[in-house]
Amino acid sequence: MINAELSHCKNLTEWYKSIREQHEAAHGYEYCHQHDSMQKLMANCDSYRELGTHQGASLAAACLTNPKSVTAVDIDLHRWRPFESIFRDYCDENDISLQVNEMSSHDPKSAGPTDLLLIDSLHNARHLVGELNLHLAYTRKYVVLHDTSILHGRVNDSLFQVVKQYCDQINPWEIKEHNTTNVGYTVMENTLNV
């Protein structure tokens, strides 16, 4: 993923528009379609948590839906920190509780109650299994996973296979949507709470 040039942006709406345009120009129009799916799901959610923030494109997409709370978890937030004030200003103006945790998504302290969880962290099947095992117990409604069709420029559905295997077990989670355009994304739904 590219690192977008965003120093010209003055507010979160402008920032998100710019980062999305730059991502789509570099990676293809469908690259950010998980944001659209996520924003539709957020209409039924009060809280959002993401694992893997990078510069914050998905975080911005979630904030712009004005939930009650937003939490970002990333082991290294140095690419997001230059824009922190834009996020904090928007959240303060819209009464959104913003929590930022610079830690591993495998750290038990990174888990907490949420309606929607986005997973876009270390794109590794074993790592994803650990995230699902830790975070799904706290996730009430949905999980959106990015990059479930292509990894590192090659067709690779190993992350989707982990999700499918998890949903095939006896539990309340099922696959709601599996989009394979561009890098793809997958939506899991907790059938007990939706």
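Every chain's residues receive numbers from 1 upward, in the order its sequence appears when written. pLDDT decides what is reported in this predicted model: residues at 70 or higher carry local features, side-chain atom pairs at 80 or more are listed and counted, and totals for whole chains, interfaces and linings draw on all residues regardless. In computing side-chain properties, one takes all heavy atoms of the structure into account and sets aside hydrogens as well as water.

Visitor: Looking at this structure, how should I read the overall build of the protein?
Guide: In terms of regular secondary structure, the protein is built from six helices and nine strands. Computed over its C-alpha atoms, the radius of gyration of the protein comes to 16 Å, within 12% of the 16 Å expected for a compact globule of 194 residues. Dimensions of the protein along its principal axes, counting C-alpha atoms only, are 50 × 35 × 30 Å. Relative to its full complement of 194 residues, the protein shows a buried share of 53%. Any two residues whose heavy atoms approach within 4.5 Å at even a single point are treated as in contact. The contacts in the protein between residues at least 6 apart in sequence include a share of 65% that link residues at least 24 apart. Working definition of accessibility: Shrake-Rupley area with a 1.4 Å probe, residue cover restricted to the visible protein chains. Accessible surface, the protein: about 9,200 Å² in total, of which carbon and sulfur atoms supply 48%. His is not counted, nor are the chain ends, whereas Lys and Arg count as positive and Asp and Glu as negative. A charged residue contributes its charge at one atom only: NZ of Lys, CZ of Arg, CG of Asp or CD of Glu. Here the protein carries 16 positive and 26 negative side-chain charges, and the mean point of each set is 3 Å from the other. A run of DSSP states H or I qualifies as a helix once it reaches four residues; a run of E qualifies as a strand once it reaches two. Both are numbered from the N-terminal end. It is over C-alpha atoms that the radius of gyration is taken, and the globule rule equals 2.2 Å times the number of residues to the power 0.38. Buried means the residue's accessible area, taken with a 1.4 Å probe over protein chains only, is under 20% of the maximum for its type, while exposed means over 50%, and partly exposed covers the values in between.

Visitor: Can you help me understand the packing of aromatic side chains in this one?
Guide: Here a ring pair, both rings aromatic, is described through the centre-centre distance and the interplanar angle of the planes. Two rings from Phe, Tyr or Trp (for Trp, the six-membered ring) form a pair when their centres are within 6.5 Å of each other. A pair whose planes differ by under 30 degrees is stacked, one over 60 is edge-to-face, and the rest are tilted. Enumeration according to the criterion identifies three aromatic pairs in this entry. Judged by centre distance (5.0 Å) and plane angle (75°), the rings of tryptophan 15 and phenylalanine 87 are edge-to-face. One end of the pair, tryptophan 15, is in helix H1 (residues 12–27); the other, phenylalanine 87, is in helix H4 (residues 84–93), and 72 residues separate them in sequence. Residue phenylalanine 87 is classed as buried on the basis of its relative accessible area of 0%.

Visitor: Help me out: how do you make sense of helix H2 (residues 33–42) in this one?
Guide: Structural remark: α-helix, 3.6 residues per turn; residues separated by three or four positions point the same way. Judged by how many residues are buried, H2 sits mostly within the fold: seven of ten residues are covered. Along H2, the residues classified as buried are His33, Gln34, His35, Ser37, Met38, Leu41 and Met42.

Visitor: Looking at this structure, how should I read the pattern of salt bridges?
Guide: Side-chain pairs of opposite charge can arise where the charged atoms are in close proximity. By definition here, a salt bridge exists when the distance from a side-chain nitrogen of Lys or Arg to a carboxyl oxygen of Asp or Glu is within 4 Å. Counted according to the given criterion, the structure contains nine salt bridges. The residue glutamate 84 makes a salt bridge to arginine 88 at a minimum N-O spacing of 2.8 Å. Of this pair, glutamate 84 and arginine 88 are both found in helix H4, four residues apart, which corresponds to roughly one turn of the helix. Between arginine 140 and aspartate 115 there is a salt bridge, with the nearest N and O atoms lying 2.7 Å from each other. Here aspartate 115 lies in strand E4 (residues 114–119) and arginine 140 lies in strand E5 (residues 139–146), a separation of 25 residues in the sequence. Here the salt bridges do not stand alone but share partners, grouping Arg81, Glu84, Arg88 and Glu102 into one network.

Visitor: When you look at the nonpolar core in this model, what are you seeing that I'm missing?
Guide: Soluble globular proteins: nonpolar side chains tend toward being buried together. Within the largest apolar cluster, 36 residues are counted, with the highest numbers of intra-cluster contacts made by Leu12, Trp15, Tyr48, Leu59, Cys63, Phe87 and Leu116. Broken down by element, the residue count for this core peaks at six residues, all from helix H3 (residues 57–63). Excluding residues that lie within four positions of it along the chain, leucine 59 makes contacts with Tyr48, Glu50, Thr53, Val70, Ala72, Trp80 and Phe87. Within the second largest apolar cluster, 18 residues are counted, among which are Leu136, Val143, Leu145 and Leu151. Side-chain atoms within 4.5 Å are what join buried Ala, Val, Leu, Ile, Met, Phe, Trp, Tyr and Cys residues into a set we call a nonpolar core.

Visitor: Would you mind showing me how to read unusual backbone geometry here?
Guide: Among all residues except glycine, the phi angle is most often negative; among peptide bonds, the trans geometry is most common. The phi angle at histidine 54 is positive, at roughly 50°, despite the residue not being glycine. Within the fold, histidine 54 resides in the loop between strand E1 (47–51) and H3. Here the phi dihedral of asparagine 182 falls at roughly 55°; this positive angle occurs in a residue that is not glycine. On the secondary structure map, asparagine 182 appears in the loop between strand E8 (173–179) and strand E9 (185–190).

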